[in-house]
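Chain residues, written in single-letter form:
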Amino acid sequence: NQNNNALSGAIMVRVPDLVVASIDPLTTVTTQQAFNIRWTVRNQGDGAAQVGWYDYVYFSTDAILDGGDTNLTYEYRSQALAVDGSYVVVKSITVPNVASGTYYLLVVTDYGNGLYESNQNNNALSGAIMVRVPDLRITELVSSRIPGQPTQFQVQWTVRNQGDGVAQVGWYDYAYLSTDNQLDNGDTNLTYEYHATSLSAGDSYPVTKTVTVPEG
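What counts, and where the lines are drawn
Residues numbered from 1 in each chain as written. Predicted model: local features only at pLDDT ≥ 70, side-chain atom pairs only at ≥ 80, totals over all residues. Heavy atoms only, no water. Salt bridge = Lys/Arg side-chain N within 4 Å of Asp/Glu carboxyl O. Helix = DSSP H or I, 4+ residues; strand = E, 2+ residues; numbered from the N terminus. Buried < 20%, exposed > 50% of the residue type's maximum accessible area, 1.4 Å probe, protein only. Phe/Tyr/Trp six-rings, centres within 6.5 Å; stacked < 30°, edge-to-face > 60°. Lys NZ or Arg CZ within 6 Å of the ring centre and 35° of its normal. Pairing = 2+ DSSP bridges. Axes fitted to C-alpha atoms, helices over the stretch in contact; angles between N-to-C directions. Contact = heavy atoms within 4.5 Å. Polar contact = N/O pair within 3.5 Å; in protein donor to acceptor, adjacent residues only side chain to side chain. Lys, Arg positive; Asp, Glu negative; His and termini not counted.

*Asks:* Describe in detail the pattern of salt bridges, supporting the description with residues and values.
*Replies:* All told, the structure shown has five salt bridges when counted by the stated rule. A salt bridge links Arg-38 to Asp-24, with the shortest nitrogen-to-oxygen separation between them at 2.4 Å. Placement of the pair is Arg-38 in strand 3 (residues 34-43) and Asp-24 in strand 1 (residues 18-24), with a sequence separation of 14 residues. Here Asp-164 and Arg-132 are joined by a salt bridge, their closest N and O atoms 3.6 Å apart. Placement of Asp-164 in the loop between strand 10 (152-161) and strand 11 (171-177) and of Arg-132 in strand 8 (residues 124-132) is noted, with a sequence separation of 32 residues between them. Residue classification places Asp-164 among the partly exposed positions, given a relative accessible area of 36%.

*Asks:* Which residues make up unusual backbone geometry, and what values do they have?
*Replies:* Cis geometry marks the peptide bond from Asp-24 to Pro-25, where omega comes out at -5°. Among the structural elements, Pro-25 can be located in the loop between strand 1 and strand 2 (28-30). The backbone phi angle of Gln-32 is positive, close to 75°, even though this residue is not glycine. Turning to its location among the elements, Gln-32 is positioned in the loop between strand 2 and strand 3. Overall, the relative accessible area of 52% leaves Gln-32 in the exposed class. Positive phi is not limited to glycine here, since Asp-110 has a value of about 50°. If you trace the backbone, Asp-110 turns up in the loop between strand 7 (101-108) and strand 8.

*Asks:* Just give me the short version of the packing of aromatic side chains, but keep the residues and values in it.
*Replies:* Within this structure, the stated rule accounts for 15 aromatic pairs. Aromatic side chains Tyr-172 and Tyr-174 sit 6.1 Å apart centroid to centroid with 55° between the ring planes, which places their arrangement in the tilted category. One aromatic cluster in this structure is built from Tyr-54, Tyr-56, Tyr-58, Tyr-74, Tyr-76 and Tyr-111. The ring of Tyr-87 has Arg-77 lying over it, and the distance from NZ or CZ to the ring centre is 4.2 Å.

*Asks:* I'd like to hear about the sheet that holds strand 13 (residues 204-212), residue by residue, with values.
*Replies:* What the three strands build is an open sheet, ordered 9-10-13; its pairing is antiparallel. The two strands at the open ends of the sheet, each matched to only one other strand, are strand 9 (136-145) and strand 13. Ignoring which end each strand starts from, the neighbouring axes of this sheet average 20° apart. Sheet topology note: the strand 9/strand 10 ladder contains nine bridges and is antiparallel.

*Asks:* Describe in detail the sheet that holds strand 6 (residues 86-94), supporting the description with residues and values.
*Replies:* Pairing in this open sheet of three strands is antiparallel, and the strands run 1-3-6 from one edge to the other. Taken across any chain shown, the strands that pair with only one partner, and hence form the sheet edges, are strand 1 and strand 6. Going across the sheet, the axis of each strand differs from the next one's by a mean of 25°, ignoring polarity. With nine bridges joining them, strand 3 and strand 6 adopt antiparallel strand pairing. By the bridge assignment for strand 6, Val-41 is matched with Tyr-87.

*Asks:* Which residues make up the environment of Thr-30, and what values do they have?
*Replies:* Within the secondary structure, Thr-30 sits in strand 2. When the C-alpha positions of Thr-30 and Thr-94 are compared, they lie 9.2 Å apart, and in sequence the two are 64 residues distant. Ignoring anything within four residues of it in the chain, the contact list for Thr-30 reads Val-95, Arg-132, Pro-134, Gly-165, Val-166 and Gln-168. Separated by 3.3 Å, the side chain of Thr-30 and the backbone nitrogen of Val-166 make a polar contact.

*Asks:* How would you explain the side chain of Asp-17 if you had to name every residue and give the values?
*Replies:* The residue Asp-17 is located in the segment before strand 1 in this model. Despite its burial, Asp-17 pairs with no opposite charge; the closest candidate is Arg-42, at 8.0 Å N-O. Polar side-chain contacts of Asp-17 include one of 3.2 Å to the side chain of Asn-122.

In short, shape yes, function no, at least from these values alone.
This is the structure we're talking about:
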């Protein structure tokens, strides 16, 4: 009998479905500021997700992931995820140099669709953040000759942060001698000051330096 060579048996196939359940914190940050982002991924499918997928975090001007968004970090998932199981990832990210305004963090799990899921279109979650930007300005500049020292002057200036964000640590103030009021390569640097602490919006700091003006 050539017609009885096959036998069938039913199997039940289960399929995972990964979603980003939450993103935290969604807050106000300053450009160039590093902070921790925490997200939770849950398997809401009826099958376990096998090992080998990536979560990506993007910075965007809107809540839609596209080619113009900036990747900030990623996480490789090296363990399987059971049905109704979840995991939490914490990463340090730094906001890019952008103008003040509202932006979005987008977390995408199973980036690139490495897993087969029951729904491949629900892997991303977005959340708004407010980005603030500092703006340093010299608000006062005064110089006076030191008595008995014909080539030495005392220079005082004040720097104020007139932006809406904190200026992070690490910048220099430079004082130049010039024949006009425009900074160019022909000007002479007289002194500088390194500012080693952050400066909140609306705050200022004074600097006093003694400088020697070149003769001639």
